[in-house]
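# Reading the structure
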Amino acid sequence: MRIVHLGLGAFHRAHQAWYTAHADDAANWGIAAFTGRAGEQGDAMIATLRAQDQLYTLTLRGRAGDHVEVIDSIVAVHSADDTAAFERYIADPLVAIISTTVTEAGYRLDASGNPEQSDPVVAADLDALAAGAGAVRSPLALIARALDGRRRAGAGPITVMPCDNMPANGRMVRTGLRAFASAIDAALVSWIECNVTFVSTSVDRITPRFSRGDDDFARAAGLIDRVPVVAEEFADWVLEGEFVAGRPLWESAGARFVTDIDPFENRKLWLLNGAHTAMANLGRGLGLETVAAASGDAACRALVTDYWREACRHLPVEVEAERYCADLWIRFENPRIAHRLDQIAEDSLTKLRVRIVPVALAELGAGRPASGCARAIAAWISSILADGGRRDSLDGDIVAAAGSAEPTHALLALVSEALAADVAFAELVATAVAEGVLTRRGAGLPA
């Protein structure tokens, strides 16, 4: 294998692993994949994939029908706890790429890309790296220690390629990784500067979590698969940066390599992911369960349309934002993809910061009220005040803000201090929150 991946979830198996399997030189590349989280669920997936020789089915669900195929690009699987195996792979000169899908919050970075100092996991990891002993839990701490082993082994250059929905994700991870590496040794930081490149990516394929009945598609094709993946037909992958030790011919599978990823990244983050976050928080309050259901709801559709109008103003013409939005409605409305709003609503605070806040600040900077952004943020605040929202890595901060004397303003400040300081914007949010909580009560939902 020549790629080591951290984050063995459905999206990786539907996207990067699929692109690698479809590359013209796929036979020359293999992926050693590690679960993103330790525990029984990850261990069960490892055991099942090993029993299937790392093979699994991917069912692409279109409006007209299904296409089932077997993906064979993952050649080894390990638990996130198996740090010795991870370090052993990275010290191998044949390994050319470290890729990650650990979710936006999983990197444990602040808005500037540095390790979140208030995070107890980060603090413990920095101490362990400085001491040269002890287990580490955060992905960039794990990668930093493994790169130190590669440096000491003289194994040569390597590329780090994050594949999560963060703006400038390659540059963000570079900043964070340097900070973790500095806790080990200044020499490691210098080695990273000379030997490690960071590729930024924009990844796009709607991939719900496993749900009951997903294995029926494989069975209908005459296959038995206990860890199937179901995704939409559409797939897009845009990459920027240098692969210093080589890469698969992903362009033969449809990937695009560009010199400036920012417009494509913003298009995807703001339009697809931003709409998902808005619909997830508003739709849950209206008793809806899936993206397809939310797409058919007048209130959800109006919110997304207003928000998109604001976001599209700040995208260049070459990304064809309006056409992308039209295609997104078709993708969202696909009744054969059960993308659950509960799943999308997880870690909403981090998602709002990178998906909605940049658009709101751009609108305010242009002298406009950013009312669509205000309502999207208000939908999340309403969900927190009504039923506590969904699982969030920043839950401690959220609970404290929700319990304060002015919870709406405190929660808005968590999303963005700059937006909370704008009196007119804060008033828009407060009005929408009041209406949102009343709507939940009127619908007989928890309040």
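Only a predicted model underlies this, so the values are computations on that prediction, with no experimental measurement involved. (Residues numbered from 1 in each chain as written. Predicted model: local features only at pLDDT ≥ 70, side-chain atom pairs only at ≥ 80, totals over all residues. Heavy atoms only, no water.)

### A closer look at helix α4 (residues 83-90)
Threshold: With a 1.4 Å probe rolled over the protein chains alone, any residue whose accessible area is under 20% of its type maximum counts as buried; one over 50% counts as exposed, and the rest are partly exposed. Helix and strand assignments come from DSSP, with helices taken as H or I runs of at least 4 residues and strands as E runs of at least 2, each series counted from the N terminus. Summarising the geometry, the arc corresponds to the directions from the helix axis toward the C-beta atoms. Two residues form a contact once any of their heavy atoms are found within 4.5 Å.
Every buried residue of α4 is listed here: A85, F86, Y89 and I90. When α4 is viewed along its axis, its buried side chains cluster within an angular range of 130 degrees and face the same direction. Summarising the contacts, the buried residues of α4 are in contact with β1 (3-6), β2 (31-34), β5 (74-78), β6 (97-100), α6 (139-153) and β7 (158-162).

### Focus: the sheet that holds β1
Either a parallel or an antiparallel arrangement is found when strands of a sheet pair, and the pairing is made through backbone hydrogen bonds. Here is the rule: Think of it this way: DSSP has to see at least two bridges between two strands before they count as a pair. Axis geometry follows a simple rule: fit a line to the C-alpha atoms, using only the stretch in contact for helices, then measure angles between N-to-C directions, giving values from 0 to 180 degrees.
Pairing within the open sheet is parallel, and its 6 strands lie in the order β5-β2-β1-β6-β7-β8. Whereas interior strands pair on both sides, the edge strands pair on one side only; in this sheet they are β5 and β8 (196-198). Ignoring strand direction, the axes of neighbouring strands in this sheet form an average angle of 20 degrees. Bridge analysis of β6 against β7 gives 4 bridges, and the strand direction is parallel. Counted as the bridge partner of I97 is T159 from β7. The strands that α6 touches are β1, β6, β7 and β8; relative to β6, the one it contacts most, it runs at about 175 degrees.

### Digging into the environment of E265
In this structure, E265 sits in helix α10 (residues 262-285). Sequence separation of E265 and A426 is 161 residues, and the distance between their C-alpha atoms is 28 Å. What E265 contacts, discounting residues up to four positions off in sequence, is M166, P167, A168, N169, T201 and S202.

### Thoughts on the nonpolar core
Rules: Here, nonpolar core means buried Ala, Val, Leu, Ile, Met, Phe, Trp, Tyr and Cys residues that are tied together by side-chain atoms lying within 4.5 Å of each other.
Of all hydrophobic cores here, the largest spans 64 residues; its most connected members are L271, W308, F332, I377, W380, L412 and F425. In terms of residue count, the dominant contributor to this core is α10 (9 residues). One finds F86, I98, V102 and L142 within the second-largest nonpolar core, a separate group that totals 40 residues.

### Concerning the sheet that holds strand β9 (residues 200-204)
The sheet built from 3 strands is open, its strands ordered β9-β11-β12 with mixed pairing. Here the strands that pair on one side only, and so sit at the sheet edges, are β9 and β12 (256-257). Pairing analysis gives 5 bridges linking β9 to strand β11 (residues 236-240), with the strands arranged antiparallel. The residue of β11 that forms the bridge with T201 is L239. Seen against the sheet, α10 touches β9, β11 and β12 and runs at an angle of roughly 40 degrees to β9.

### Some remarks on the pairing of β1
The alternating pattern of β1 places I3 and H5 on one face and V4 and L6 on the opposite face, and all of these are buried. Sheet analysis places β1 next to β2, joined by 4 bridges and oriented parallel. Looking at the pairing, V4 lines up with A32 of β2.

### Here's the deal with a nonpolar patch on the surface
Definition in use: Two joining distances apply to patches: 9 Å for like charges and 5 Å for nonpolar side chains (Val, Leu, Ile, Met, Phe, Trp, Tyr), and every residue must have over 30% relative accessible area and no salt bridge. Here, Shrake-Rupley sampling with a 1.4 Å probe gives the accessible areas, and only protein chains in the shown set may cover a residue. A pair is scored as a salt bridge if a Lys or Arg side-chain nitrogen falls within 4 Å of a carboxyl oxygen belonging to Asp or Glu.
Judged by side-chain polarity, L55, V70 and L223 come together as a nonpolar surface patch covering roughly 200 Å² of accessible area. Looking at the element boundaries, L223 is found in the loop between α9 (215-220) and β10 (229-232). Given the relative accessible area of 31%, L223 is considered partly exposed.

### Comments concerning the pattern of salt bridges
For side chains bearing opposite charge, pairing can occur when the charged atoms are close. For the structure shown, the criterion picks out 27 salt bridges. With a shortest N-O distance of 2.7 Å, D66 and R336 are connected by a salt bridge. In this pair, D66 is assigned in strand β4 (residues 66-71) and R336 in the loop between α13 (321-332) and α14 (341-345), connecting sequence segments 270 residues apart. Measuring nitrogen to oxygen at the nearest pair gives 2.5 Å for the salt bridge that ties R331 to E232. Of this pair, R331 sits in helix α13 while E232 sits in strand β10, placing them 99 residues apart in sequence. Exposure class is identical for R331 and E232. Each is buried. Each of the salt bridges in this network shares a partner with another, and the network as a whole consists of D148, R151, R152 and D185.

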